[in-house]
Structures are given as structure tokens and as C-alpha cells.
Amino acid sequence: MKKRIIALFMILVMMATMLAGCGQEAPAEEASEATEDVYMEIDAYSYALGFIRYTETDMDGESVESETMTLAMNAVAGQTIAEVWEANGYEFSEVYAEGEVFEGWMVYKMVNETDEEGFDISRTYERISGDELYTTEEFMELEVPGHDVVYCAKWE
């Protein structure tokens, strides 16, 4: 008799655990797509010795001015470039190349080819901005596309 009561109790516990999750909704697929990371590079074009000057916050919470030829960041599709800078703790100052005249920003889709093990074996760039060049103000308002992207400075 004791064994039957324990067995009945165990069955009731198992049923209760199975039913506990029935009222929960599955997460929407769209929500996971909206937060998908996009790899983004901002390139000042090193052949012209172009540099990106920006401010970042160091570990002590102080602002430090830095410069680089290329800056890589993670972004979320749909964010503006200005939002990406802020989310990564950076503030854009300027893009410059000594003796060069800045014409604008070009946009390239970054296409990575991977092998069967998932390692990148080649990278190509497809210019998606056509002949259009974006001023820095327009560039900061562009939305991040749903694919890896490079924004490259064009010099005269």
C-alpha cells in the first residue's frame, strides 16, 4: 500500500512539472533577429594615412582622446552609427589625413567565406553605396544594415 501511494505521488509530481511550463509563450523569432550582432568597421583609409580621432572613457571613468586608422565595433541592425558609437563608449571627433581633402564616407558589405569547419578563409567587399558619398553628419545618421559592414573614408 505504501509503495502505491509513493508511486501515485511520484506520478502526480511528474504531471505537475510537465504542466508548469504550458502557460509560457515561446520567445518570438523576430525579437532574436532584432538583437543580432553585426560586425562593423570604420576605416579612415590607411593608404592615404587617414586617421579617426575619437574620445573614449578609460577604466577610471576619465575621457581619453585616441586615434586609429580602423575601428571595429559590434552593432545591432537598425541602430544609427551615432548610437553604435555611444553604445561602445566612444565619441567621434573627426577623420583626417595630412595633406588630403576628405570627400565623404563609402559603404561596403563585408562578405566572409568560411570553410566546412566554420573558419574564415577569405573576405571580400561589395560597395553598396554606389557613387554616393556621405558627409560625416549623414554617416552618423545611417542605420546599420543586417550584415557585416565597412564604412570607409574617401580622400580627394
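**With respect to the confidence of the model for the protein**
Thinking step 1. Mean pLDDT over the protein works out to 83, with 78% of the residues at or above the 70 mark.
Thinking step 2. Within the model, the stretch residues 16–20 combines pLDDT values under 50 with 0 contacts to residues more than four positions away or in other chains.
Thinking step 3. Low confidence marks residues 26–34, where pLDDT is under 50. Its contacts with residues over four positions away, or in another chain, come to 2 contacts.

**A look at the environment of E83**
Thinking step 1. Considering the arrangement of structural elements, one finds E83 in helix α3 (residues 81–87).
Thinking step 2. Its relative accessible area of 42% is what places E83 among the partly exposed residues.
Thinking step 3. For the pair E83 and E141, spaced 58 residues apart in sequence, the C-alpha to C-alpha distance is 8.8 Å.
Thinking step 4. In terms of polar contacts, E83 uses its side chain to reach the backbone amide nitrogen of T80, at 2.8 Å.

**Regarding the pattern of salt bridges**
Thinking step 1. Under the criterion given, the structure shown has 5 salt bridges.
Thinking step 2. In this structure, R53 engages E67 in a salt bridge whose closest nitrogen and oxygen atoms are separated by 3.2 Å. Residue R53 is found in strand β2 (residues 51–57), and its partner E67 is found in strand β3 (residues 63–68); the two are separated by 14 residues along the sequence.

**Quick look at the pairing of strand β4 (residues 70–76)**
Thinking step 1. Side chains L71, M73 and A75 project from β4 onto a buried face, and the interleaved T70, A72, N74 and V76 project onto a face without burial.
Thinking step 2. Pairing of strand β1 (residues 37–43) with β4 involves 7 bridges; the strand directions are antiparallel. Within β4, the residue paired with D37 across the bridge is V76.

**Things to note about the environment of S122**
Thinking step 1. Looking at the element boundaries, S122 is found in strand β7 (residues 120–127).
Thinking step 2. By relative accessible area, S122 is classed as partly exposed at 30%.
Thinking step 3. Remark: the alpha-carbon pair of S122 and N112, spanning 10 residues in sequence, is separated by 5.9 Å.
Thinking step 4. Other than its neighbours up to four places away in sequence, S122 contacts V111, N112 and E113.

**Side note on unusual backbone geometry**
Thinking step 1. Unusually for a residue other than glycine, Y45 sits at a positive phi of about 70°.
Thinking step 2. In this fold, Y45 is placed in the loop between β1 and β2.
Thinking step 3. One non-glycine residue with positive phi stands out, namely L49, at about 55°.
Thinking step 4. Summarising the element assignment, L49 is placed in the loop between β1 and β2.
Thinking step 5. With a relative accessible area of 52%, L49 lands in the exposed category.

**A look at the sheet that holds β3**
Sheet strands pair via backbone hydrogen bonds, and the direction of the pair is either parallel or antiparallel.
Thinking step 1. The antiparallel open sheet is built from 3 strands, whose spatial order is β3-β2-β5. Every other strand in the sheet has two partners, leaving β3 and β5 (90–96) as the edge strands with one partner each. Neighbour-to-neighbour, the strand axes of this sheet turn through a mean angle of 20°, independent of strand direction.
Thinking step 2. One ladder, built from 6 bridges, connects β2 with β5; its direction is antiparallel. By the bridge assignment for β5, T55 is matched with E91.

**Here we look at the pairing of strand β6 (residues 102–114)**
Thinking step 1. Direction of pairing for β6 relative to strand β8 (residues 149–155): antiparallel, over a ladder of 7 bridges. Paired with G104 across the strands is K154, a residue of β8.
Thinking step 2. Pairing between β6 and β7: 7 bridges, direction antiparallel. Residue pairing for β7: K109 is matched across the bridge by E126.
Thinking step 3. Once β6 ends, the chain turns through 5 residues before running back antiparallel as β7, passing G118 with a positive phi of about 90°.

Reading the values: rules and limits
Residues numbered from 1 in each chain as written. Predicted model: local features only at pLDDT ≥ 70, side-chain atom pairs only at ≥ 80, totals over all residues. Heavy atoms only, no water. pLDDT = per-residue confidence, 0-100. Contact = heavy atoms within 4.5 Å. Helix = DSSP H or I, 4+ residues; strand = E, 2+ residues; numbered from the N terminus. Buried < 20%, exposed > 50% of the residue type's maximum accessible area, 1.4 Å probe, protein only. Polar contact = N/O pair within 3.5 Å; in protein donor to acceptor, adjacent residues only side chain to side chain. Salt bridge = Lys/Arg side-chain N within 4 Å of Asp/Glu carboxyl O. Pairing = 2+ DSSP bridges. Axes fitted to C-alpha atoms, helices over the stretch in contact; angles between N-to-C directions.

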